[in-house]
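# Report on the structure
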Amino acid sequence: MAKTVTRFAPSPTGHLHIGGARTALFAWLLAKNKGGEFVLRIEDTDRQRSEQEYTDAILDSMKWLGMDWVGEPIYQSERFDIYNGYIDQLLAEGKAYWCECTPEEVDAMREKAMQEKRKPKYDGSCREKKLGPGENRVVRFKAPLDGRTSFTDMIKGPISVENAEMDDMILRRSDGSPTYNLAVVVDDHTMGVTDVLRGDDHVNNTPRQILLYQALGWDVPNFGHVPMILGPDKKKLSKRHGALSVMEYEKMGYLPEAVVNYLVRLGWSHGDQEIFSREELFSYFNTDSLGNSPSVFDTKKLDWVNSEYIKAKAPADLVAGLRTFLPEGTEAEDAYLEKIIPLLQPRATNYQEMADMCDFFLMDAQTLSYDMEAVAKVFTPDALEIIKELTARIDADEEYSHDSLEAVCKGFLEEKGLKFKAIGQPVRLALCGKTQSPGGLYELMLVLGKAETIARMNRAVTLA
Ligand code: GLU
């Protein structure tokens, strides 16, 4: 059996949006699952709207998601000669013809057909005129007038269209440029693509493309059309639903593996499993389990998936990611961040939240900012006395471990006949500058280290 080759063919007219990313992921996973190849094509024939900046951004987003492809991306803008070669071949074989009808005339034909309650289409005026090239002329495909074109969509099942319903589509525009359908068929064939997975906004193009494959004498690939993603209001996902591009999720602090996991599960399933390693995705992915109805984007679910990934990571593997979200100029060493991260992992949804939660760790006793309202409320004379005495005892604790700190604090409370809450809030405020922070007291003390813990407690008693 031929090696499976899948592809992603973005038009570089904007950033990679999550719908496109999901389609690309499905195509990539299909290739991985079959031990095949995934290739890339940049559909930049619309010179006005295509920009290199967007191509670069799309490739960057794909790399961020961890996708790889074989060879260099193919650029359609560099292949006009190839397309024109095949158009000439179709002309020579009588499978295409020159057409001199003006756009206004074609509009009028469509109008007339609609008035007569027929499907609006080009009426074939030039089919038999045997025209040659000429100014303002286009090349049209001589589509079969009867019969049906059928295929079994990998996702939607059997699809069949009357050939009579299809236009004699334009293959070459009057400016000499090839049209989308022609270019895509030539590219998919010459790139050896065996399985085309794409958005279902292209499903109506597929029968036309199949006619072209047949006219060119080529094997027709398998097709699958992925339903779109909807917003929570069940309308097509758009800017008003929030972030649209993959890059925005990167900037918000999501982990690429989590975004991949979430997007793949959006429309694909494997039993009840929610979290998949990359290897599991490679081995389980199949098009049979792709759903045929639109999926609803759910930010809460994405957050949940992201927090599961954060929890499961080794702290060392989150250091570099977290660092990109810390304020510029943060000098914390990797080893210090690695100690802080376990306190953040059970609580944070994304890197941004992790960065926000750990701000107080990154200041020192002198620069730490205190919530003065909390200071006024919590640092009563009794509380200050407790902090002072406890500071001395902690200072005397040679071992300075979780156990020893616990023993010191518990011993102190027992001796004074106090409950834990007598030290809980005051000490947290002294160490963190606020009453809410991640981590238990002993964990905080351990991460800060003895000298810094003592310095913060000493400073705190000067504030009230
Ligand atoms: N360039 C097309 C798009 O971005 C995709 C075409 C295809 O996959 O066949 O919608």
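This text follows the structure it describes.
These notes cover the structure that comes with them. (Residues numbered from 1 in each chain as written. Predicted model: local features only at pLDDT ≥ 70, side-chain atom pairs only at ≥ 80, totals over all residues. Heavy atoms only, no water.)

### Let's talk about the site of the ligand
As a reminder of what qualifies: If even one non-hydrogen atom of a residue comes within 4 Å of a molecule or strand, that residue is called near it. We call two N or O atoms a polar contact when they sit within 3.5 Å, provided that within protein one can donate a hydrogen and the other can accept it, with sequence-adjacent residues counted only if both atoms are side-chain atoms. Only the protein chains shown count as covering a residue, and every accessible area follows the Shrake-Rupley method with a 1.4 Å probe. Polar here means any residue outside two lists: the nonpolar Ala, Val, Leu, Ile, Met, Phe, Trp, Tyr, Cys and Pro, and the charged Asp, Glu, Lys and Arg; Gly therefore counts as polar.
In the neighbourhood of the ligand, the contacting residues comprise Arg 7, Ala 9, Ser 11, Glu 43, Tyr 180, Val 184, Arg 198 and His 202. Measuring from a nitrogen atom of the ligand, one finds a side-chain N or O atom of Glu 43 at 2.6 Å. Summarising the interface, the protein chains cover 81% of the accessible area of the ligand, which totals 300 Å² for the free molecule. Of the residues belonging to the shell around the ligand, the class tally is three nonpolar, two polar and three charged.

### Quick look at the environment of Tyr 75
Stated formally: Numbering of helices and strands runs from the N terminus; a helix is a DSSP stretch of H or I covering at least four residues, while a strand is a stretch of E covering at least two. Here the term buried applies to any residue with accessible area under 20% of the maximum for its type, exposed to any over 50%, and partly exposed to those in between, with areas from a 1.4 Å probe on protein chains only. Every residue pair with non-hydrogen atoms within 4.5 Å of one another is taken to be in contact.
With respect to the helices, strands and loops of the structure, Tyr 75 is situated in strand β3 (residues 74–75). In this structure Tyr 75 comes out as buried when scored by relative accessible area, which is 17%. Between the C-alpha atoms of Tyr 75 and Ile 42, which are 33 residues apart in sequence, the distance is 4.9 Å. Setting aside residues no more than four positions away along its own chain, Tyr 75 makes contact with Ile 42, Asp 44, Gln 52 and Thr 55.

### Side note on the packing of aromatic side chains
Centre distance and the angle of the planes are the two values used to describe a pair of aromatic rings. Here is the rule we go by: Note on ring pairs: Phe, Tyr and Trp rings are taken, using the six-membered ring of Trp, and paired if centres are within 6.5 Å. Classes follow the plane angle, with under 30 degrees stacked, over 60 edge-to-face and the rest tilted. Placement of a charge over a ring requires the Lys NZ or Arg CZ to be within 6 Å of the ring centre, with the centre-to-atom vector within 35 degrees of the ring normal.
Under the defined criterion, the tally for this structure stands at 15 aromatic pairs. Here Phe 26 and Phe 285 contribute two aromatic rings whose centre-to-centre distance is 5.7 Å and whose plane-to-plane angle is 20°, an arrangement assigned as stacked. Here Phe 285 lies in the loop between α9 (278–284) and β12 (295–296) and Phe 26 lies in helix α1 (residues 18–33), a separation of 259 residues in the sequence. The pair formed by Phe 26 and Phe 285 is uniform in burial state, with each residue classed as buried. Among the aromatic residues, those joined into a ring-pair cluster are Phe 26, Trp 268, Phe 276, Tyr 284 and Phe 285. The side chain of Arg 140 reaches across the aromatic face of Tyr 122, ending 3.7 Å from its centre.

### Considerations on helix α19 (residues 450–460)
All of the buried residues in α19 are Glu 452, Thr 453, Ile 454, Arg 456, Met 457, Arg 459 and Ala 460. Along its buried surface, α19 packs onto α15 (381–395), α17 (421–432) and α18 (441–448).

### Observations regarding the pairing of strand β7 (residues 157–162)
Short version of the rule: The pairing criterion is simple: DSSP has to find at least two bridges between the two strands.
Taken together, the six bridges between strand β6 (residues 148–153) and β7 define a ladder with antiparallel strand orientation. The partner of Phe 151 across the bridge, within β7, is Ile 159.

### Some thoughts on a negative patch on the surface
Filter applied, for reference: Each patch is built from residues that are more than 30% exposed by relative accessible area and take part in no salt bridge. Like charges join if they lie within 9 Å; nonpolar side chains (Val, Leu, Ile, Met, Phe, Trp, Tyr) join within 5 Å. In the sections that follow, a salt bridge refers to a side-chain nitrogen of Lys or Arg positioned within 4 Å of a carboxyl oxygen of Asp or Glu. Asp and Glu count as negative and Lys and Arg as positive, but His and the ends of the chain are not part of the count. To locate a charge, take atom NZ for lysine, CZ for arginine, CG for aspartate or CD for glutamate.
A contiguous patch of negative charge on the surface is contributed by Glu 51, Glu 53, Asp 56, Asp 60 and Glu 250. Topologically, Glu 51 is positioned in the loop between β2 (37–42) and α2 (52–64).

### Some points on the packing of helix α8 (residues 256–265) against helix α10 (residues 299–312)
The condition is simple: Orientation is described by lines fitted to C-alpha atoms, with helices fitted over the stretch in contact, and by angles between N-to-C directions that extend from 0 to 180 degrees. Here roughly perpendicular refers to angles of 65 to 115 degrees, roughly parallel to angles under 35, roughly antiparallel to angles over 145, and oblique to all remaining angles. Take the far helix as the reference: if the near one is turned anticlockwise from it by less than a right angle, the crossing is left-handed, and if turned clockwise, right-handed.
Where α8 meets α10, the closest approach of the two axes is 9 Å, and the angle between their N-to-C directions is 135°. With respect to their mutual orientation, α8 and α10 come out oblique. The chirality of how α8 crosses α10 is right-handed. Of the residues in α10, those touching α8 at Glu 257, Ala 258, Val 259, Asn 261, Tyr 262 and Arg 265 are Lys 301, Leu 302, Val 305, Asn 306 and Tyr 309. Across the contact of α8 with α10, the residue classes tally to six nonpolar, two polar and three charged.

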